[in-house]
Each structure stands twice: as structure tokens, then as C-alpha cells.
Amino acid sequence: MEKLPRLILTDIDGVWTDGGMYYDQTGNEWKRFHTYDSAGVLFAHHLGIPVGILTGENTEIVRRRAKKLKVEYLFMGVQDKVVAAKRLCEELHITLQDVAYIGDDINDIELLKLVGWAGVPTSASEYIKELANVQLKKQGGNGAFREFVEAILGEDTVNMVVKEVLFDKQ
């Protein structure tokens, strides 16, 4: 097995969602999450790799999704993602080179430059996609997080996890 990250961090809007913000006439906000991304969290957890969300947004919607998937670290309302990531790395006694991060916009640029594994959905701007060292084919909101996790784990590891998870359920 190739070296794996010791932490997987992710942005939400534009990665787990299509980046759209939907409002109804009563003030409710809606976000669409793709169920495929939950398998990315499952794969990471099965291998003992914690997952963290770093987002500038501060919404109950994201809190609920993180809780449902048992995401270990949730940082909302983040102004500086590098500072938040470094603090978490210090707490876990790892470096940013041990971290995999997927983001899609301007506020992700600096962190994408510093981590060991950098992923960007195809829906991001070209100048942000140029920062990726893990190539993805999916757009944000269409399973990009899962694709990122599968890419960094590698096909053999993903197949092993799938067999173990299926075997555990029988």
C-alpha cells in the first residue's frame, strides 16, 4: 500500500455541493449533497483516516451532514483555512504534507499549495485546477469528494475496503 494521508480535509460548497445556494421565499436555504460522497468518508474511516470539513459558511445544513456521516472535525465560518488546518495538524502531531485537501475556489488556493494531496473538482476555475496534484473528472456536487478519496487511496486499497465492508455485513 502506498503512503496514505493521515487526515483528509474538504471544503463543502463547490465540492460536496454544486456550489449553488438555493433560497425559498420564506428564507430557508437549501443545499444539494450527493450520496456518493458518503462512501469517501466511509473509506477513510475504515482505514482510520479522520475527515475534517473547513468551510467559510456557518449553516445548520452542513452541521447536520457532518453529524450524519460522523465527520470528526467540523470548522465552520473559517476565515483562513491554512491557519485552521495548521492548528488541527499541531493537535494531531502531523504536518500539512500528511494532509489531503479538496477545494474549489479562491479561499482554498493557499491550502491547496501546502498539502501533500491537493484535489480540485473539474467545475473549478482553471487557475485553481492547476494547483491539483490529484486529477479529478467529477464536478462539485457530483461525487467529487468520493472520487478524490478513491484517487488518493488507490484502486487496490479501495477494492480491499469494499470487500472488507461487504464481508463485515454478511
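Cut-offs applied
Residues numbered from 1 in each chain as written. Predicted model: local features only at pLDDT ≥ 70, side-chain atom pairs only at ≥ 80, totals over all residues. Heavy atoms only, no water. Helix = DSSP H or I, 4+ residues; strand = E, 2+ residues; numbered from the N terminus. Buried < 20%, exposed > 50% of the residue type's maximum accessible area, 1.4 Å probe, protein only. Lys, Arg positive; Asp, Glu negative; His and termini not counted. Salt bridge = Lys/Arg side-chain N within 4 Å of Asp/Glu carboxyl O. Contact = heavy atoms within 4.5 Å. Phe/Tyr/Trp six-rings, centres within 6.5 Å; stacked < 30°, edge-to-face > 60°. Pairing = 2+ DSSP bridges. Axes fitted to C-alpha atoms, helices over the stretch in contact; angles between N-to-C directions.

Chemist: Is there a simple way to explain the side chain of Asp104 in this structure?
Modeler: With respect to the helices and strands, the residue Asp104 is situated in the loop between strand 6 (99–102) and helix 4 (109–114). Although Asp104 lies buried, it forms no salt bridge, and the closest oppositely charged side chain, Lys81, sits 6.3 Å away as judged by the N-O distance. Setting aside residues up to four positions removed in sequence, Asp104 forms contacts with Asp11, Asp13, Gly14, Val15, Pro121, Ala124 and Ile128.

Chemist: Explain helix 6 (residues 144–153) here, please?
Modeler: Three or four residues apart is the spacing at which side chains of an α-helix point the same way, because the helix has 3.6 residues per turn. Here helix 6 lies mainly inside the structure; seven of its 10 residues are buried. Gly154, located one to two residues past helix 6, shows a positive phi value of around 90°.

Chemist: When you look at the packing of aromatic side chains in this model, what are you seeing that I'm missing?
Modeler: Geometry of an aromatic ring pair is reported as the spacing of the ring centres plus the angle between the planes. A complete count under the given rule lists one aromatic pair for this structure. Ring centres of Trp16 and Phe145 lie 4.9 Å apart, and the angle between their planes is 45°; this geometry places the pair in the tilted category. Remark: Phe145 occurs in helix 6 and Trp16 occurs in the loop between strand 1 (7–10) and strand 2 (22–23); sequence separation between them is 129 residues. Of the residues examined, Trp16 reaches a relative accessible area of 1% and is grouped as buried. A relative accessible area of 0% means that Phe145 is categorised as buried.

Chemist: I would appreciate a short explanation of the sheet that holds strand 1 in the present structure.
Modeler: Sheet strands line up and pair through hydrogen bonds in the backbone, either parallel or antiparallel. Taken in spatial order, the five strands line up as 5-4-1-6-7 in an open sheet, and their pairing is parallel. Strands with a single pairing partner mark the edges of an open sheet, and in this sheet they are strand 5 (73–76) and strand 7 (117–119). The average angle at which neighbouring strand axes cross in this sheet is 15°, direction not considered. The pairing of strand 4 (residues 51–55) with strand 5 spans four bridges and is parallel. Among the inter-strand pairings, Ile53 is bridged to a residue of strand 5, identified as Leu74. Helix 2 (residues 60–68) rests against strand 4 and strand 5 of the sheet, and its axis sits at about 175° to strand 5.

Chemist: What am I meant to see in the side chain of Arg65 here?
Modeler: When you line up the elements, Arg65 lands in helix 2. Put simply, Arg65 is tucked away with no salt bridge, and the nearest opposite charge, on Asp37, sits 6.5 Å away.

Chemist: Sorry if this is basic, but what is going on with unusual backbone geometry here?
Modeler: Across the chain, the bulk of peptide bonds are trans and the bulk of non-glycine residues have phi less than zero. For Lys70, which is not glycine, the phi dihedral falls at a positive 60°. Its place among the elements puts Lys70 in the loop between helix 2 and strand 5. Notably, His93 is not glycine yet its phi reads approximately 60°, a positive angle. One can find His93 in the loop between helix 3 (81–92) and strand 6. Classification of His93 by relative accessible area gives exposed; the value is 68%.

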